[in-house]
Structures are given as structure tokens and as C-alpha cells.
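# Structural overview for review
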Amino acid sequence: MSKQMNRRRKVSKKVISNEPPKRTEEKRPSGSKPSQPPTSAKKIHVSTISVVKSASVENSSEKLVSEANSSEDETDGSDLHLSSADKEQRAKDNRKLLRDRVIYARKVGEEAATGQVLDGEPIDYESACKIKELAWGSSNMPPKPEWLKQGIVFRPCDQLFAYGLKTHKNGTKNFLISLQAYFLKQLLFDMKKTGGAKSKDESSTKRQKNKNTFSSGSRSRPQPTEKCKGPSMAQLLKPGEKIQQEMLVGGLVELLSKIADGKETVLCLPGPDNCFQPTAHFGIDGITEKLRVMRCSKDEELRTYVKKYSATLMQENGIGLISVLYSVILTRNFNRLAYDLQDQATNSLIDPIGDCTTGLLNLIITGRANPYLHNGIMVVEDEDNEESEEFSGEERRGMETRNDIGFLIWDQDEETTNRFHLGSRLKTPTLPIWITRCNGQFGVLFNPNRELMRSYHAENRFQLYYYSDAEMKKGEYKETLLTIDTRNVGNQVVVDPSETEFEEAPPPPLEKAIQTKWEGSTIDWGGITPYI
């Protein structure tokens, strides 16, 4: 009996000894290598790391990396039966998919265009009423419909007239053409100083030139004439989208700074909500009661805001134009506007039919809302009509100094034109840029050579570009480049109309406007049918 018990104990011991020993964590001496993981786990681990590494190389976001890891983990179980070659191919496919995922960058100002304007402070009730009184004549008067849906929109970039603004045949065109002069000033003169962005054509030409130079193995430097040579006028006048934005930002910053005249500048745009509780004395228009006012003491601060909301200002059928109009009014402020307008302080800046008054145009051109165009101070003289007798003996302030941008006028005939009393200070600006008003139609003349206004010899024979966003005849769709010749002034032969067999057609209005500055000059349109 005792022998059988001993036999059973030995059998049970053998059964227990056949069980696999439990795995315990062994202590390794320092410097020794860790034990290798199973082969399948090793391959899965490397595959996961490779996906994460490729995501980091491609500068993907953490979200993309986590998505790649999660997708890799889901396939871990199915990968166990695959061969090493298949697993490597799957890892390559995953990396390729991750690289091909494109993260699109937003354009500057796009976020503001699609979002809400929350910067600045809400406009108060009194200021909103005053703005509408100055702009439209009454706080209950709604803005003109054409002003509510008009953005500051350039023509298609990198094409003919890409420097120009799109306009419509209504009162907003006069305002837009006045802004156009500032944008041209940025393109022709100011962006050259600051080294602004190059046009697409210029950049590609320069890259191709460098490519040809290095491919030929030549290390010689370009000639001084080539080194100093800038983009051609044709390239300069076809700006790309980036340069158009720089023209807008730089032009508006300069305009508002000039109007501020050392005071704070203001940019305002409508926000999402009303800023006050409207009353019966205020007509809701969807814009004025929602204005957010951004006050800036430095140009760089203003530039930041304008650049941020540039896409909003440039939206077609948007609120860009009325936002600039209100910004101009708030920047000049109500007291200084009343002083500028003199005896016309009670009149609105936009007349009942929606056109800009002379005071508003002068506010854009010169920075002051002066309703008069003569030089210095003029005293109202006694005349036979009752209107002039009321103001007889009063002084009228005109242009105090020359301006960067000039103004030329022709209205039907010489007698009507002389009633504007346009002075030489506006006819002779410091830069060769003129806003033209011909029979009520506005355009802009310009020349890229600033020396034109510094030397009388340069005015013997020169050229002026003209832009008015007018419809052109088929076959004549090209830059309007006028050639002005003043060398034969005083030598023309005057012909008596009665001695001619046919009645000669009168000169085009734009030619007459130019001749108020260069009297007796001849103008060649370069094969284009004259227009305004």
C-alpha cells in the first residue's frame, strides 16, 4: 500500500514538471542587449514608424498622423498572414497616399472674407446718424443701391488692363477712378521703392534667363544695362494677383493716411450684428448700423487691418466701396469735414442721383473735402444773379499746394469749363497722373516717368496712357497710348471755317481736356478711335 502511494506521488510530480515554466522578467546587466521581439511584431512596429516618419517629412498635421496610425493598427491582424514583400508594398502604398494628400493654404484675407468682422469697436448711434447725413443727406435716407453692392475689383490678372478697376456706368465710377489713381501710383512709383512683388511674366523671364545662363556654363555677369533694366512697361501693366492686392493695400493706406493728416486713421467694415438699437430717426440699411470701427495710430497697424480684410474689400458685388467711403468720412472726422466744405457743409457728399460731389472727389484726390478747384483764396465778386449776391465778398479757399495727383476738366465748351476755375496747382501735379473729367465721364492719364513733371524739355514730346474701363471697338482692344507734341505750339496756321468746303469735326473731349494743360498741343491716338 505504501509502495502504490509513493508511485502515484512520483507520477504527479512528473506531470507537474512537464508544464512550461512561467516567463519572468530577467534582470540584465548594464550594457547588454535586450532580447529581440517576435518577428511579426517587429515588422508591424517598423511599418507604423515608417508611416509616422513619412507624415512628419511631409509636414502633415497631427491629425493625419493619427489617422495613418489608426488605419495601420486596423490592418495589423490581417497583415500576419502576408509575406514580408506584401507588407512592404502595403507600407509603401500607405506612405504614397499620405504624401498625395494636399493641405490647401488660404489666401491672405480669405479667412476674413468668409468669416465675420469682429475687430474694432461697434459704432455708436450718433456717429452712424452723422455718417448717413454727410454721405446721403439724412439719417433716414437709404444708401444708393449701386453703392451697396460694389467691391473694389481689378480686371483679370496677368492680362491687358490688369492694373485697372472694373467699373459700372453709374455714380460709383467717379469714386473708383479716383481710387484708381492711388493704385497706379503704387504700381508705377511706390512699389519700386519698397521692392514690391514682381509680376508673373517678369519672374518667369528672370528664371528662364538664369536657367539659360547656368546651363551654358557661363559665369560672366550681365552688362550694367541689363542689370539695371527693370520690367518692361507691358509687363508692369499686367500685374498678377499678388501685386493687385499690394496695389490695393498700399493705395488705401496712403489715401487714409493723407486724409488723416497726422491724426488717427479709421477702417470700418460691417460686422454680423447691429451695434445699437435703431430708432425711428434712423433708417436701417444693413451696413451702417453694423459698422465695426478700427482706429489706428500708425500706418503699419492700418496696413495689417487692410491686408487682413483685403479679400472682403475686393469681393465682386460686395461691400468694399461703401466701406472705403465710410472709412474716408470717419478718418477725416465730422468737424474737419465741415471746415473743408465751407459754405457747402450742409450738402451731402453724394448728390441725389448718386454721383460724387466735387468735395468728395477732392477729399480722395487731395485729402481735403474742398468743393473748389482754384488756386489759393478767391473772393466772391458781385454779379447780376441773386445767388452770388448772397455770398458777395466772402472768401473761398482753394488749392494751397501742388498735389501728387492732378485733375483735368473739359465740359461741353470753353465757357462751361471755365466755370470750374480749375487752377494750375491741380493741372500740374508732382507726379504724372491726372484724373480726367470729360463731359461728366471720368478716366485717368498717367506716365511712368516722374521726370516728366520736373523738366520742361521732357514736355516737348511725350506719351500718356489712358484708362477709363470703357468699351472699345473690335480690333482696337489694346493699351490707349496718346502721343502729345508741344513743339509746334504757336506755329499753327489758323483757318477760317467760312473758307473751308466741309465743316471740320470738333476735337475729342479728352484732347480738349489735355489742351487746357498743354495749350496748342497735337495729340495722336495711335490708330485708336477717340473715346472717353
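Residues numbered from 1 in each chain as written. Predicted model: local features only at pLDDT ≥ 70, side-chain atom pairs only at ≥ 80, totals over all residues. Heavy atoms only, no water.

### Topic: the overall build of the protein chain
A tally of regular secondary structure across the protein chain gives 22 helices and eleven strands. Intrachain contacts of the protein chain at a sequence separation of at least 6 include 71% that bridge at least 24 residues. In the structure as shown, the protein chain presents an accessible area of about 31500 Å², 50% of it carried by carbon and sulfur atoms. (Helix = DSSP H or I, 4+ residues; strand = E, 2+ residues; numbered from the N terminus. Contact = heavy atoms within 4.5 Å. Areas by Shrake-Rupley, 256 points an atom, 1.4 Å probe, with all protein chains shown as cover.)

### Let's talk about the packing of aromatic side chains
Taken as a whole and judged by the stated rule, the model has 17 aromatic pairs. Seen in terms of ring centroids, Phe161 and Tyr477 are 5.5 Å apart; in terms of plane orientation they differ by 80°. Their pairing is edge-to-face. Highlighted residues: Phe161 in the loop between helix H8 (145-148) and helix H9 (172-194) and Tyr477 in the loop between strand E9 (461-467) and strand E10 (480-485), separated in sequence by 316 residues. A residue is classified by how much of its surface remains accessible, and Phe161, at 5% relative accessible area, is buried. Taking relative accessible area as the criterion, Tyr477 reaches 47% and is therefore assigned partly exposed. Each member of the aromatic cluster is reached from another via a ring pair, and the members are Phe161, Tyr163, Phe446, Tyr465, Tyr467 and Tyr477. The positively charged end of Arg397 is found above the aromatic ring belonging to Tyr339, 4.0 Å away from the centroid. (Phe/Tyr/Trp six-rings, centres within 6.5 Å; stacked < 30°, edge-to-face > 60°. Buried < 20%, exposed > 50% of the residue type's maximum accessible area, 1.4 Å probe, protein only. Lys NZ or Arg CZ within 6 Å of the ring centre and 35° of its normal.)

### Description of the confidence of the model for the protein chain
When pLDDT is averaged across the protein chain, the result is 79; 69% of the residues are at 70 or more. Overall, residues 1-78 carries pLDDT values under 50, and its contacts beyond four positions in sequence, including any with other chains, amount to 39 contacts. (pLDDT = per-residue confidence, 0-100.)

### Here's the deal with helix H17 (residues 334-341)
If you check which residues of H17 are buried, you get Arg336, Leu337, Asp340 and Leu341. Each buried residue of H17 lies within a common arc of 130° when the element is viewed along its axis, so the set occupies one face. Exposed and oriented more than 90 degrees from the buried face of H17 are Asn335 and Tyr339. Two to three positions downstream of the cap, the backbone nitrogen of Asn335 sits 3.2 Å from a side-chain oxygen, assigning the N-cap of H17 to Asn333. (Arc of directions from axis to C-beta. Polar contact = N/O pair within 3.5 Å; in protein donor to acceptor, adjacent residues only side chain to side chain.)

### Re the pattern of salt bridges
Overall, the coordinates contain 17 salt bridges when judged by the stated rule. Between Asp261 and Arg368 there is a salt bridge whose closest N-O contact spans 4.0 Å. Here Arg368 lies in the loop between helix H18 (358-366) and strand E4 (377-379) and Asp261 lies in the loop between helix H13 (241-260) and strand E2 (265-270), a separation of 107 residues in the sequence. What makes Asp261 partly exposed here is its relative accessible area of 46%. Residue Arg368 is classed as partly exposed on the basis of its relative accessible area, which comes to 36%. The residue Arg332 makes a salt bridge to Asp340 at a minimum N-O spacing of 2.8 Å. Comparing Arg332 with Asp340 shows no difference in burial state: the two are buried. (Salt bridge = Lys/Arg side-chain N within 4 Å of Asp/Glu carboxyl O.)

### Re the nonpolar core
Phe175, Leu179 and Tyr326 are the most contacted members of the largest nonpolar core, which has 109 residues in total. Top element by residues in this core is H9. It accounts for twelve residues. Setting aside anything within four residues of it in sequence, one finds Leu179 in contact with Ile152, Leu252, Leu255, Leu321, Val324 and Ile364. (Core = buried A, V, L, I, M, F, W, Y, C linked by side-chain atoms within 4.5 Å.)

### Description of the sheet that holds E10
Neighbouring strands of a sheet are bound in pairs by backbone hydrogen bonds; such pairs are parallel or else antiparallel. Across the sheet, six strands lie side by side as E6-E7-E8-E9-E10-E11; this open sheet has mixed pairing. Since the sheet does not close on itself, it has two edges, and those belong to strand E6 (406-410) and strand E11 (522-524), each with one partner. Between one strand and the next, the sheet's axes are offset by a mean angle of 30°, whatever the strand orientation. For E10 and E11, the ladder comprises three bridges, and the chain directions are antiparallel. Each bridged residue has a counterpart across the sheet, and for Asp485 the counterpart in E11 is Thr522. (Pairing = 2+ DSSP bridges. Axes fitted to C-alpha atoms, helices over the stretch in contact; angles between N-to-C directions.)

### Quick notes on unusual backbone geometry
The phi angle at Gln342 is positive, at roughly 55°, despite the residue not being glycine. Note on Gln342: relative accessible area 16%, which makes it buried. Phi is positive for Asn439, close to 50°, though the residue is something other than glycine. On the secondary structure map, Asn439 appears in the loop between strand E7 (433-438) and strand E8 (441-446).

### Remarks on the sheet that holds strand E3 (residues 291-296)
Sheet architecture is open: three strands sit in the order E1-E3-E2, paired in antiparallel fashion. One side of each edge strand has no neighbouring strand; the edge strands of this open sheet are strand E1 (121-122) and E2. Looking at chain direction, E1 and E3 are connected through two bridges and run antiparallel. Note on E3: the bridge partner recorded for Glu121 is Val293. Running over the sheet, helix H14 (residues 299-308) touches E2 and E3 and is turned about 150° from E3.

### Digging into the packing of helix H7 (residues 125-136) against helix H16 (residues 320-332)
Where H7 meets H16, the closest approach of the two axes is 11 Å, and the angle between their N-to-C directions is 105°. One finds that H7 runs roughly perpendicular with respect to H16. Across the interface between the two elements, Ile131, Lys132, Leu134, Ala135 and Trp136 of H7 pack against Ile322, Leu325, Tyr326, Ile329 and Leu330 of H16. Counted by class, the contact of H7 with H16 contains nine nonpolar, no polar and one charged residues. (Parallel < 35°, antiparallel > 145°, perpendicular 65-115°, else oblique. Nonpolar A, V, L, I, M, F, W, Y, C, P; charged D, E, K, R; others polar.)

### Let's talk about the pairing of E2
For a regular strand, side-chain orientation follows a simple rule: the groups alternate between the two sheet faces. Among the six residues in E2, six count as buried, and that is most of the element. The alternating pattern of E2 places Thr265, Leu267 and Leu269 on one face and Val266, Cys268 and Pro270 on the opposite face, and all of these are buried. Alignment of E2 against E3, held across six bridges, turns out to be antiparallel. Looking at the pairing, Thr265 lines up with Cys296 of E3.

### Brief notes about the environment of Thr304
Position of Thr304 among the secondary structure elements: in helix H14. Separated by 55 residues in the primary sequence, Thr304 and Val249 have C-alpha atoms spaced 9.0 Å apart.

### Regarding the pairing of E6
Among the five residues of E6, five are classified as buried, and the element is accordingly described as predominantly covered. Where E6 and E7 come together, five bridges link them in parallel fashion. From the neighbouring strand, Gly406 faces E7, where its bridge partner is Trp434.

### Focus on the side chain of Ser348
When you line up the elements, Ser348 lands in the loop between H17 and H18. Judged by its relative accessible area of 18%, Ser348 falls in the buried class. In this structure the side chain of Ser348 is engaged in a polar contact, spanning 2.7 Å, whose partner is the backbone oxygen of Ile350. Among all residues touching Ser348, those that are not within four sequence positions of it are Glu133, Leu134, Ala135, Trp136, Gly137 and Thr357.

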